[in-house]
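Observations on the model geometry
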Amino acid sequence: MLRDHATDLYALDRIEETHPQLEGDRIARRELSARKALIAEIVRSDLLKAFSSARWWAFGDSAKDAAGKKLDGRELTVLASALATAAFSDAPVIQSELLYRDKPSTAAMAGLRTLMHAMVSKSDVADLGIENYPVERGLYLTIVRPLGLHRQDDKGVWRFADPADDKAGRTLIPAWTELGEKRVNLAELFDTWAARPYGIKRGVMPVLVLSYLLAHRNAVAVYVEGAFQPAIDDIVADRILQDPAAIEFRRISRSKRDEAFVQQLAALLSTETSPVEPKALPVASALYQRFHALPLWAQRTQTLAEKVRKVRDIVLKASDPEALLFSDLASALEGEPDPGVSVVAALNKAEYAYPKMLETLRKSLAEHLGVDPKTFEGIGPRSSTASGVSAELRVDAFIMRAGAFEGNSGDIEGLASLLVHKPPRNWSDREQEQAMFEMAKLCLRFREAETFAAVRDRSPTSQAISVMIGLDPKEKPLFHAFQVSEQELEAADRAADDLMAQLRGRGMRPAVELAALARIVERLSEGNGLEPA
């Protein structure tokens, strides 16, 4: 009878689909609709009778419920529930209508993103610092907290952890163990979780993965498109949401010798305000972050010692923390009696290189301008005198910036940027050499502007001096013109007084005294840029 009725229902459906004449016959459509409703109810009744007396098999044996009773003659909903329980035996209990689905709504995804950002930035705060009851708080209270993934430790500190040992937490443990593999690709993990025996919906997977990474951040290295991520931050959270295939993480394992090396590095890298945990990932992350925080010039300069450059380049190019600590650095420092000290010494020298380069520029500036490199005393009034004399904007800018160094208000980085039109942090070695040359030229223009300050009705703070000496009639006489500041001229006067006292003390006639001065000038001329007249 069921088959006959089903055939009649199929025939009525075909008539309705293939006879356009029904469009103009309202009475025929009504009769057809009534007949379909009657047959459909008869088919439904026949099906229920058939199911009520049906015998069921599953996986080669009689289908049974959780209590072991056979499902023969039971309601279809009971049967479906029992089959789902058998097929997805390790499915976690997650009661979140918003997120526990394969394609959550736009509002749910926005709340999920905000929740994950709070997870990486406020993991040590109760309720992740979420106030009131926005979407993200609802997700936190229905997913993270019930499973025990965010709770207080023995010291009362809030942190992420493995699932709690309670009824809800234990349901997540089978799926949680999939994360403990040596190497895990996130897209493959999501596929595994979606299949039997877990059946987890994709909407909730990012929260579970991020909770695991935060709970095991000291033992699991995270990679995005093959690049090691020293910190789990908002960017990593967003990539988990947007492109799971690009995320991979690996567990770190090591020997006792490696552990000793890591502990030594942790002790050397730790400070009172920023202690480094003596584990591979925190140590590798600390090294990676500090080397990548170097100015670009310090990251690529070749002026450092060979050992320092080798350690720096290894860390900057590292993509695997385990290979960095236990393979690359070990090979580079082979034979070193104390490799941990060598690594940190190289780091300190690399960090000091940029300030040292700036200090060299500062001393060079003081030397070219003839002032004390510590105080730059007197450069302020001199810059006021020289400013605007040349009518060249670049020279005037240099003069004003140099004048600001008196009183410790000068900015050597700002002045250096003027030299090659590029911040010194981003210089190359060649640009550094060019900057030294440009500084010498601009300092010379500074002194020239001081000398010619009279054109602006100002009293010069520098004097131009010319010296010509001829000792050998066969050679052209030596000639040199230069400028000296008032302070330098005072120092020259004191030196001249000392020389005069020495010469007069010898009782020589004036011609011999002048000859001695000529010889002094000749010797000073050697290697100091004096040219024949």
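Residues numbered from 1 in each chain as written. Predicted model: local features only at pLDDT ≥ 70, side-chain atom pairs only at ≥ 80, totals over all residues. Heavy atoms only, no water.

Within helix α8 (residues 205–215), ten of the eleven residues are buried, leaving the element largely enclosed by the surrounding structure. When α8 is considered as a whole, its buried residues turn out to be M205, P206, V207, L208, V209, L210, S211, Y212, L213 and L214. (Buried < 20%, exposed > 50% of the residue type's maximum accessible area, 1.4 Å probe, protein only. Helix = DSSP H or I, 4+ residues; strand = E, 2+ residues; numbered from the N terminus.)

Turning to its location among the elements, W57 is positioned in strand β1 (residues 57–58). The contact partners of W57, leaving out residues within four places of it in the chain, are S62 and A63. (Contact = heavy atoms within 4.5 Å.)

Attention shifts here to the pattern of salt bridges. Pairs can form between side chains of opposite charge whenever their charged atoms are close. Within this structure, the stated rule accounts for 24 salt bridges. Note that D127 is salt-bridged to R145, the shortest N-O span being 2.9 Å. Of the two residues, D127 is situated in the loop between α4 (106–121) and α5 (135–144) and R145 in the loop between α5 and β3 (150–152); the sequence distance between them amounts to 18 residues. The buried category is assigned to D127, whose relative accessible area is 18%. Close ionic contact of R239 with D243 constitutes a salt bridge, the shortest N to O distance being 3.7 Å. It is possible to trace a salt-bridge network through shared partners that takes in R183, E248, R250 and D320. (Salt bridge = Lys/Arg side-chain N within 4 Å of Asp/Glu carboxyl O.)

Attention now goes to the sheet that holds strand β7 (residues 227–229). Judged by pairing direction, the sheet is antiparallel, and its four strands sit side by side in the order β5-β8-β6-β7 without closing on themselves. The open sheet has two edge strands, β5 (183–185) and β7, and neither has a second partner. On average, adjacent strands in this sheet sit at an angle of 30° to one another, irrespective of strand direction. Both β5 and strand β8 (residues 247–251) contribute to a ladder of three bridges, which runs antiparallel. Across the sheet, residue N185 finds its bridge partner in β8, namely E248. Its contacts with the sheet put helix α7 (residues 186–194) on β5 and β8, and the angle it makes with β5 is roughly 80°. Contacting β6 (220–224) and β8, α8 crosses the sheet at an angle of about 35° to β8. (Pairing = 2+ DSSP bridges. Axes fitted to C-alpha atoms, helices over the stretch in contact; angles between N-to-C directions.)

Glancing now at the environment of V209. One can find V209 in helix α8. What makes V209 buried here is its relative accessible area of 0%. Sequence separation of V209 and D429 is 220 residues, and the distance between their C-alpha atoms is 45 Å. In this view, V209 contacts L179, L186, L189, F190, W193 and F249; residues no more than four positions away in its chain are not counted.

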